[in-house]
Amino acid sequence: MNKQEILKQYSKEEDRILVAKLLDKVQFVSQKNQIQTTDFLDGYEQKIAQKMLQQIKHKTAIFYGGYEEAERKMLYFFPEKLMDLIEEDLQNDKMIQKEMKAITIQLPNDLKGQYQHRDYLSGLMKLGIKREKIGDILVRENGADILVQEDILNYLLSNLPELTRFQKAEIFAKEIYKLEIVPIKLEKMVILVPQLRLDVMISELLHTSRTKVNEVISQERVLVNYEIKTKNAAMLQRGDLLTIRGKGKFKIGEVISQTSKGKLRVEVEKYVS
């Protein structure tokens, strides 16, 4: 199967662009016997990449985001001769460490507990950093560890202290194996809905009208399993990850029971910053 035949299988332009870049990296590694990496990929992009790897039966690529449960990951393409040298403990692998770095922002006592994920991310955006250059941001009460690509490490170390919010913070590079992994906080809830339709679920989760929900959906602020959804009537199912930009992220659980009037009791877990 040649490159053009593979690209024809993807209807979205952004998917075709991603797959084309990945195929170019596969070819480069094959011809030059040199490691190639992608930017950080979100969950949806990882699904597209995984599909492509399966199509071409490519077995010398590894997804890695700095720690086992990472959400955003880089894709590493290795020459076949190097695959046997890759250690099981990727956090300590020198080839991985070379491409991915960590930055720690240690907050002063008077700012502890004041910053959330969006505060760190917006600070990075103010410096002109593209989102794909940044991996997970592990937030804790006294600061955060930020996974970044190696090529922006020195720029961030020089410029993050210039931001007002971080002027009093201690900022330094950290080895990946020293990351302070922060457990994901989930708030469990049970909602009552007539069906698992997208707009119905969001209306109940946000306690707002269907009219306002439809506005949010039309603004492309709603993602299911990292893919933007624009159809109000799309149906959700157990295990789906629902992201509403600016409002939060939710994981759809099981339907517990049904009321006498036919409404469904659905378990939902909300990701807490």
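Here's a quick rundown of the structure. Keep in mind the model is a prediction, meaning the values are calculated, not measured.

## Some remarks on helix H6 (residues 117-126)
All of the buried residues in H6 are Asp119, Tyr120, Leu121, Gly123 and Leu124. For H6, the secondary structure elements touched by its buried residues are strand E4 (100-106), strand E5 (134-140), strand E6 (143-149) and helix H7 (153-159). Where H6 ends, the next residue or the one after it, Gly128, has phi of about 85°, a positive value.

## A word on the sheet that holds strand E1 (residues 36-37)
Within the open sheet, the three strands sit side by side as E1-E3-E2. Their pairing is antiparallel. Only two strands of the sheet have a single partner each, and these edge strands are E1 and strand E2 (61-64). Contacts from helix H2 (residues 13-32) reach E1 and strand E3 (74-77), with the element oriented near 30° to E3. Relative to E2, helix H3 (residues 43-55) is tilted by about 165°, and along the sheet it contacts E2 and E3.

## Some words on the pairing of strand E11 (residues 241-244)
Across the two faces of E11 the burial is the same, with Leu241 and Thr243 and Leu242 and Ile244 all buried. Taken together, the three bridges between strand E9 (residues 222-224) and E11 define a ladder with antiparallel strand orientation. Bridge pairing in E11 places Leu223 opposite Thr243. Here E11 runs beside strand E12 (residues 248-258); their pairing, made up of four bridges, is antiparallel. Looking across to E12, one finds that Thr243 is bridged to Lys249. Hairpin connection, E11 to E12: the antiparallel pair is bridged by three residues, and Gly246 has positive phi, about 90°.

## Notes on the pairing of E5
Counting buried residues in E5 gives six out of seven residues, a clear majority hidden from the surface. As paired strands, E5 and E6 are joined by five bridges and run antiparallel to one another. Within E6, the position partnered with Arg140 by the bridge is Gly143. Count of turn residues in the E5/E6 antiparallel hairpin: two residues.

## Describing the packing of aromatic side chains
Enumeration according to the criterion identifies four aromatic pairs in this entry. Look at Tyr115 and Tyr120: their rings are 5.9 Å apart centre to centre, the planes differ by 85°, and that puts the pair in the edge-to-face class. A relative accessible area of 0% places Tyr120 in the buried class. Taking 5.7 Å as the distance between ring centres and 15° as the angle between the ring planes, the aromatic pair formed by Tyr120 and Phe166 counts as stacked. Residue Tyr120 is found in helix H6, and its partner Phe166 is found in the loop between H7 and strand E7 (170-174); the two are separated by 46 residues along the sequence. The pair formed by Tyr120 and Phe166 is uniform in burial state, with each residue classed as buried.

## Description of the packing of helix H8 (residues 198-206) against helix H9 (residues 210-218)
Where H8 meets H9, the axes come as close as 9 Å, and the angle between the chain directions of the two elements is 115°. Judged by the angle between their axes, H8 and H9 are roughly perpendicular. Every pair of crossing elements has a handedness; the one defined by H8 and H9 is right-handed. Taken together, the residues of H9 that come into contact with H8 (itself represented by Leu198, Asp199, Val200, Ile202 and Ser203) are Arg210, Val213, Asn214 and Ile217.

## Re the pattern of salt bridges
Taken as a whole, this structure holds 12 salt bridges when the rule is applied. The salt bridge partner of Arg16 is Glu13, with a shortest N-O separation of 2.5 Å. Here the residue Arg16 and the residue Glu13 both occupy positions in helix H2, the gap between them amounting to three residues, near one helical turn. Residue Arg16 is classed as partly exposed on the basis of its relative accessible area of 26%. On the basis of relative accessible area, Glu13 is assigned to the partly exposed category, the value being 44%. The shortest N-O distance in the salt bridge between Asp145 and Lys174 comes to 3.2 Å. In this pair, Asp145 sits in strand E6 while Lys174 sits in strand E7, placing the two residues 29 residues apart along the sequence. Here Asp145 and Lys174 have matching classes, each one buried. In the salt-bridge network here, residues are joined through shared partners; they are Arg140, Asp145, Lys174 and Glu180.

Parameters at a glance
- The numbering scheme is per chain: residues are counted from 1 as the chain's sequence reads.
- For this predicted model, a pLDDT threshold of at least 70 governs which residues receive local features, and a threshold of 80 or more governs which side-chain atom pairs are given and counted, while totals over whole chains, interfaces and linings are taken from all residues.
- Excluding hydrogens and water, the side-chain values take into account all heavy atoms of the structure.
- Here the term buried applies to any residue with accessible area under 20% of the maximum for its type, exposed to any over 50%, and partly exposed to those in between, with areas from a 1.4 Å probe on protein chains only.
- In this text, helices come from DSSP runs of H or I with a minimum length of four residues, and strands from runs of E with a minimum of two, each type numbered from the N-terminal end.
- Here a residue-residue contact requires only that any non-hydrogen atoms of the pair lie within 4.5 Å.
- Should DSSP find at least two bridges between two strands, the strands are taken to pair.
- To define axes, lines are fitted to C-alpha atoms, for helices over the stretch in contact only, and angles between the resulting N-to-C directions are given on a 0 to 180 degree scale.
- For Phe, Tyr and Trp, where Trp contributes only its six-membered ring, two rings pair if their centres lie within 6.5 Å, and the inter-plane angle classes them as stacked under 30 degrees, edge-to-face over 60, or tilted in between.
- When describing relative orientation, an angle under 35 degrees is termed roughly parallel and one over 145 degrees roughly antiparallel, while 65 to 115 degrees is termed roughly perpendicular and anything else oblique.
- Working rule for handedness: look at the near helix, and if it is turned counterclockwise from the far one by less than a right angle, call the crossing left-handed; if clockwise, right-handed.
- Put simply, a salt bridge is a Lys or Arg side-chain nitrogen that is within 4 Å of an Asp or Glu carboxyl oxygen.

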